[in-house]
Amino acid sequence: MMTLITGGAKCGKSKLAEKLLDSFMGNKIYMAAMLPYGDEAEAAIKRHRKLRKGKGFTTIEKYTDIEQTELPENCAVLLECMANLCANEMFREDKKHDVFSHIMCGIEKLHKCSEQLVIVTNEVGCDGIAYPAETAEYIRILSRINAAIAADADNVVECVYGIPVMLKGEICC
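Residues numbered from 1 in each chain as written. Predicted model: local features only at pLDDT ≥ 70, side-chain atom pairs only at ≥ 80, totals over all residues. Heavy atoms only, no water.

Undergrad: I'd like a description of the layout of surface pockets, backed by residues and values.
TA: Roughly 940 Å³ of internal volume is contained in the largest pocket. In terms of lining residues, the largest pocket is bounded by 34 residues, among which M34, A44, R47, H48 and N84 are the most central. Counting residues per element, the ones that place at least two in the lining of the largest pocket are α1 (13-20), β2 (28-32), α2 (38-52), β3 (57-61) and α3 (82-90). At 10 residues, α2 tops the list of elements feeding residues into the lining of the largest pocket. When grouped by side-chain class, the residues that make up the lining of the largest pocket number 19 nonpolar, 6 polar and 9 charged. (1 Å grid on protein atoms, 1.4 Å probe; cavity = no way out; pocket = protein on both sides within 12 Å on 5 of 7 lines; lining within 4 Å. Points joined across faces, edges and corners; volume = space filled by probe spheres on them. Helix = DSSP H or I, 4+ residues; strand = E, 2+ residues; numbered from the N terminus. Nonpolar A, V, L, I, M, F, W, Y, C, P; charged D, E, K, R; others polar.)

Shown next as structure tokens:
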């Protein structure tokens, strides 16, 4: 089963993602994609670690190449967050691949190798602002990834002010 959770900044996406896996009895993997770069990132990482403390997650810090991750059998994966992973892949120094295809290959592997896959992403591209070309390309790629995952996902949820709004499927939490 695959669930995509989207929404704006600090709207409850992570809390919902963790809650969806509360009752999962197997190995729970938290795949962290945020590079610890700068004070703001460090604060966010610290906050997320505190939120999931005692919930049974094993953290794997994986900033790129998620398809190379070895997972235990019968596990659940929470990938946090697609926006960071996309940026990491897009702006890596050794980029020699199509970012969309590379990430989707990784998502396909995670989906096949896990009982449950929960992906957290960010809502992008709806603010109407004209961005510089590089940022606009990032938004285009992330939007394309989000749309592709949403099409394949069993469940798609948008968090609005901490309220989960079902866009596809059904979740129980």
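Undergrad: Mind laying out the packing of helix α4 (residues 99-113) against helix α5 (residues 133-152), listing which residues take part and the relevant values?
TA: Relative orientation of the contacting elements α4 and α5 amounts to 30 degrees, with a least axis distance of 10 Å. Of the possible angle classes, the one that applies to α4 and α5 is roughly parallel. Read as a crossing pair, α4 and α5 show a hand that is right-handed. Contact residues: α4 offers V99, F100, I103, M104 and I107, while α5 offers I141, R144, I145, A148 and I149. In terms of residue class, the contact of α4 with α5 is built from 9 nonpolar, no polar and 1 charged. (Axes fitted to C-alpha atoms, helices over the stretch in contact; angles between N-to-C directions. Parallel < 35°, antiparallel > 145°, perpendicular 65-115°, else oblique. Left-handed = near helix turned anticlockwise from the far one by under 90°. Contact = heavy atoms within 4.5 Å.)

Undergrad: Residue-level account of the packing of α3 against α4, with values.
TA: α4 packs onto α3 with a crossing angle of 130 degrees between their chain directions and a minimal axis gap of 10 Å. It follows that α3 is oblique to α4 by the angle criterion. Note that α3 runs across α4; the crossing there is right-handed. Contacts between α3 and α4 involve M82, L85, C86, E89 and M90 on the former and, on the latter, V99, H102, I103 and I107.

Undergrad: How would you sum up the pairing of strand β1 (residues 2-7)? Please name residues and give values.
TA: Regular strands place their side chains on alternate faces of the sheet. Taking burial as the measure, the 6 residues of β1 include 6 buried ones, the bulk of the element. Both faces of β1 are covered, namely the face carrying M2, L4 and T6 and the face carrying T3, I5 and G7. Across 4 bridges, the pairing between β1 and strand β5 (residues 114-120) is parallel. Among the inter-strand pairings, L4 is bridged to a residue of β5, identified as I119. Looking at chain direction, β1 and strand β6 (residues 155-160) are connected through 5 bridges and run parallel. Its bridge partner being in β6, G7 is matched across the sheet by C159. (Buried < 20%, exposed > 50% of the residue type's maximum accessible area, 1.4 Å probe, protein only. Pairing = 2+ DSSP bridges.)

Undergrad: So what's going on with the sheet that holds strand β7 (residues 163-168)? Residues and values would help.
TA: Strand order in this open sheet of 7 strands is β3-β2-β4-β5-β1-β6-β7, and the pairing throughout is mixed. Looking at the sheet topology across the chains shown, the edges are occupied by β3 and β7. Recorded for the sheet is a direction-independent mean angle of 20 degrees between the axes of neighbouring strands. As judged from the 5 bridges shared by β2 and β3, these two strands associate in the parallel manner. Opposite Y30, over in β3, you have T59 as the bridge partner. Sheet strands in contact with α1 are β1, β2, β3, β4 (75-80), β5, β6 and β7, and its direction is about 160 degrees off that of β1.

The values are spatial; any link to function lies outside them.
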